[in-house]
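A structural walkthrough
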Amino acid sequence: MTPEPHRPPLTWVVGGGGLLGQHVVTGLTGRAPLHLAPTVAWGRPEEARRVLADTARALVDAAGDRPWQVIWCAGAGVTGTSEAALEAEHSMMEATLEGLASPRPRGASERGAFFLASSAGAVYAGARPSPFHERSPVAPLGAYGVAKLRAEATVSHWSRQTGTPVAIGRIANLYGPGQNLSKAQGLISTLCAAHLDRRPAMIWVSLDTLRDYLFAPDCAALVLDLMDRLRAEASRPAHGPTTAPIVTKVIATQRAITIGAVIAELRRIFRRRPTIVLGASPTSSLQSRDLSLVSRVWPELDRRTLTTLPAGVAATLADLQRRQQRGEAAPASR
């Protein structure tokens, strides 16, 4: 792979309407051209697989002799999602990878790169001890975590087959503007929405549960820098078509806090105590008490100023207020 710093990669963000994807798209403004893709009918898996495979082939064709990259942020799965739904999501990713692999112009794999958004919480849910890093043993507690590890294995195998560099991001708990409130996740957005509606918020885990809350625009910026580093690494002479790098990186603030501390911070921002109802859920047993995270892979990428929790909460709250005033429904999860 020949480094082409003056030619930013043609980029396809799969799941550009979701929480991470929309901020990746914003982050690409002025940085790299976007490959405009047709709407994917995620609720119709057979049609979605066809569109994804066709779009993948079109991306490589459109790129020609310039670099290209796919940033996979799609997925509606959460803890508790059915195995059938997770299987359908996996088949869509496989269709995309197949489309990228065949047929391709000579040297296309050397010009390409692929990013997979995985979940640190899902893959380390049953692991010990914390904090968890890239070489920590994985221990999923449910079908969602198993599905994330399967996706990681699938893209890694595809990379070895095609010689295309791959980065896997094991991402902390994301929050921020654009979160889909219809998904059974997103503590900070859920608490902000409950505050605006003046209703209680349900919490299904203990208040001493430790989580790493990462502002979505910060995550998107780190993902794009990770992909730049991946392509630079792949351009080194040591790497060839059969030795493309496969890099797994934990993407987090690396500063976990308890849910109780989040509530205390929200009380200061809201200027009144959030109304909390503690409950029990069948998925509570799939949640780890301590999901503290650190990254030991390419740590220089983490040397950046991140958005503080108060600033991130304020931005999330303002976004929800704007959506509420416009009478908008929760955004699509893809």
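Right above here is the structure, for reference.
Before going into details, it helps to say that this report is about the structure given with it. Here the structure is a predicted model, which is why all the values come from computation and not from measurement. (Residues numbered from 1 in each chain as written. Predicted model: local features only at pLDDT ≥ 70, side-chain atom pairs only at ≥ 80, totals over all residues. Heavy atoms only, no water.)

1. Concerning the pairing of strand β4 (residues 166-171)
Short version of the rule: We call a residue buried when its accessible area falls under 20% of the maximum for its residue type, exposed when it is over 50%, and partly exposed in between, using a 1.4 Å probe and counting protein chains only. Under the DSSP-based scheme used, a helix requires at least four consecutive residues in state H or I and a strand at least two consecutive residues in state E, with every element numbered from the N terminus. For two strands to be treated as a pair, DSSP must find no fewer than two bridges joining them.
With six of six residues buried, β4 lies mostly within the body of the structure. Residues Val166, Ile168 and Arg170 line one face of β4 and the alternating positions Ala167, Gly169 and Ile171 line the opposite face, and both faces are buried. The pairing of strand β3 (residues 114-119) with β4 spans six bridges and is parallel. Bridged to Ala117 within β4 is Gly169. With six bridges joining them, β4 and strand β9 (residues 246-251) adopt parallel strand pairing. Bridging from a neighbouring strand, Ala167 pairs with Val247 of β9.

2. Thoughts on the pattern of salt bridges
Condition: Any carboxyl oxygen of Asp or Glu within 4 Å of a side-chain nitrogen of Lys or Arg constitutes a salt bridge here.
Within the structure shown, the criterion is met by 16 salt bridges. Residue Arg57 pairs with Asp54 through a salt bridge whose shortest N-O separation is 2.7 Å. Note that Arg57 and Asp54 are positioned in helix α2 (residues 45-63) at a spacing of three residues, about one turn of the helix. With a relative accessible area of 31%, Arg57 lands in the partly exposed category. A residue is classified by how much of its surface remains accessible, and Asp54, at 36% relative accessible area, is partly exposed. Its salt-bridge partner being Asp228, residue Arg231 comes within 2.6 Å of it at the nearest N-O pair. Highlighted residues: Arg231 and Asp228, both in helix α8 (residues 216-234), separated by three residues, approximately one helical turn. Classification of Arg231 as buried rests on a relative accessible area of 13%. Salt bridges here are not isolated pairs; linked through shared partners, they connect Arg31, Asp225, Asp228, Arg231 and Arg304.

3. Some details on unusual backbone geometry
At the junction of Arg128 and Pro129, the peptide bond is cis and its omega measures out at -10° in the coordinates. Relative to the elements of secondary structure, Pro129 occurs in the loop between α5 (120-123) and α6 (143-162). The peptide bond linking Ser130 to Pro131 adopts the cis configuration, its omega dihedral lying at 0°. With respect to the element layout, Pro131 can be found in the loop between α5 and α6. Positive phi values are uncommon outside glycine, yet Arg271 reaches one of about 65°. Looking at the element boundaries, Arg271 is found in the loop between α9 (259-270) and β11 (276-278). Despite not being glycine, Trp298 shows a phi value in the positive range, around 45°. Within the secondary structure layout, Trp298 lies in the loop between β11 and α10 (309-326). Since its relative accessible area comes to 13%, Trp298 is described here as buried.

Structural measurements only, silent on function.
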